[in-house]
Amino acid sequence: MTNTWVNQAIEKIEADFQRSAETHLIKLEISSLDGIDIYLKDESTHPTGSLKHRLARSLFLYALCNGWIKEGTPIIESSSGSTAVSEAYFARLLGLPFIAVMPAKTAKKKVQQIEFYGGKCHFVDHSSQIYSESEKLADELKGHYMDQFTFAERATDWRGNNNIANAIFEQMQKEQHPIPKWIVMSPGTGGTSATIGRYIRYQRLATQLCVVDPEHSVFYDYYHSHDLSLTCKEASKIEGIGRPRVEPSFIAGVVDDMKKVPDAASLATMNWLERLIGRKTGPSTGTNLYGVLSIASQMQRKGEKGSIVTLICDPGERYLDTYYDQQWVNKNIGSLEQYQTQLTQFEQTGQLS
């Protein structure tokens, strides 16, 4: 059997990568912090607008090299939106049909972007249904179920090779505190935290990894209990992160600490960040940054100095009809006032308490 099509497909993905620049590292200016620097790696500037662009590229290369994707193979993925947008992009690049299995409440903008890239959306009522429905569709269509929740942690070369951890440490080289004291990451598949945590250990770095989990997600409880059977009946309200089950790609052993972040805190911090950088980001970025501010507050109390790095996961324009709509927030999240007050206090004192 000839591998001509597979070879050409890999060449197209590699050429696409060569056309892309590395994403920016943004330093926040917060005068209340003494000797503590906060950085945001802006993954929203990828061609498909999110951190998941890296994952989608890796998943396609992994599947092609494993012989799972051939010319014409339908691609099916279970997703809360962003991974599906990125996979639709790569499916179009390779001329492959693509179907995203997603919760019905997925942001309309993500649905539109998937369709823009030629993909189709298949909706389910609850996020827990996306797995079995994806397997069913792949079987019926004789396609390949990409299964990001299983393969995210193994599709990326965590030792280096232009992964996100490698990029962060290279970009930090000329900063005042070049080796971050902490990197903070929220879990979706768990693949990014696995990549970062493994890279830190492989390179024998002093950096610690903190994973921040939203409400209605099992990762935080699993980290402390090690109970793989944990499930969550209510779906996470912070789109793109938090899961109703313990995903195979979440590797608890590479995580140094976990924090639970209230949904209202995520949104308040998302809005607070807009005032600092002049543009909107998604709610998972708010989750990340609230975790960063909590760590910075602890460091300040202890008199510690150093740098903390987290991610801008995607742009806020995808969420104008949800997280940036006050009526939607009132109905689904509730008052943000408690955390808005906290953030004002942080600006003045460097403390979140």
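The model shown is predicted, which means the values in this text are computed figures rather than measured ones.

J.: Account for the sheet that holds strand β6 (residues 144-145), with residues named and values stated.
T.: The strand order across the open sheet formed by four strands is β5-β4-β3-β6, and the pairing between neighbours is parallel. In this open sheet, the two edge strands, each paired with only one partner strand, are β5 (120-124) and β6. The pairing of strand β4 (residues 98-103) with β5 spans five bridges and is parallel. In the sheet register, Ile99 faces β5, and the bridge partner there is Lys120. Where helix α5 (residues 130-141) meets the sheet, it contacts β3 (75-78), β4, β5 and β6, and its direction lies at approximately 160 degrees from that of β4.

J.: Break down the pairing of strand β8 (residues 208-214) for me, citing the residues and quoting the values.
T.: It is a general feature of regular strands that their side chains alternate between the two faces of the sheet. Within β8, six of the seven residues are buried, which leaves the element mostly enclosed by the surrounding structure. Judged from the four bridges that link them, strand β7 (residues 182-185) and β8 form a sheet pairing that is parallel. Considered in β8, the bridge of Val184 is made with Cys210. In this view, the connection linking β7 to its parallel neighbour β8 by way of helix α8 (residues 191-202) has right-handed handedness. Direction of pairing for β8 relative to strand β9 (residues 257-261): parallel, over a ladder of five bridges. Each bridged residue has a counterpart across the sheet, and for Asp213 the counterpart in β9 is Lys260.

J.: I'd like to hear about the pattern of salt bridges, residue by residue, with values.
T.: Under the definition given, this model contains 20 salt bridges. With its nearest N and O atoms 3.6 Å apart, the salt bridge here joins Asp16 to Arg19. When the shortest N-O distance is used, the salt bridge between Glu347 and Arg275 registers 3.1 Å. Linking Glu347 in helix α13 (residues 337-349) with Arg275 in helix α10 (residues 263-277), this pair joins segments that are 72 residues apart in sequence. On the accessibility criterion, Glu347 (30% relative accessible area) is partly exposed. What emerges from the salt-bridge pattern is a single network uniting Glu22, Lys41, Glu43 and Arg54.

So, how was this worked out
- Residues numbered from 1 in each chain as written.
- Predicted model: local features only at pLDDT ≥ 70, side-chain atom pairs only at ≥ 80, totals over all residues.
- Heavy atoms only, no water.
- Pairing = 2+ DSSP bridges.
- Helix = DSSP H or I, 4+ residues; strand = E, 2+ residues; numbered from the N terminus.
- Contact = heavy atoms within 4.5 Å.
- Axes fitted to C-alpha atoms, helices over the stretch in contact; angles between N-to-C directions.
- Buried < 20%, exposed > 50% of the residue type's maximum accessible area, 1.4 Å probe, protein only.
- Right-handed = clockwise from strand over helix to strand, strands pointing away.
- Salt bridge = Lys/Arg side-chain N within 4 Å of Asp/Glu carboxyl O.

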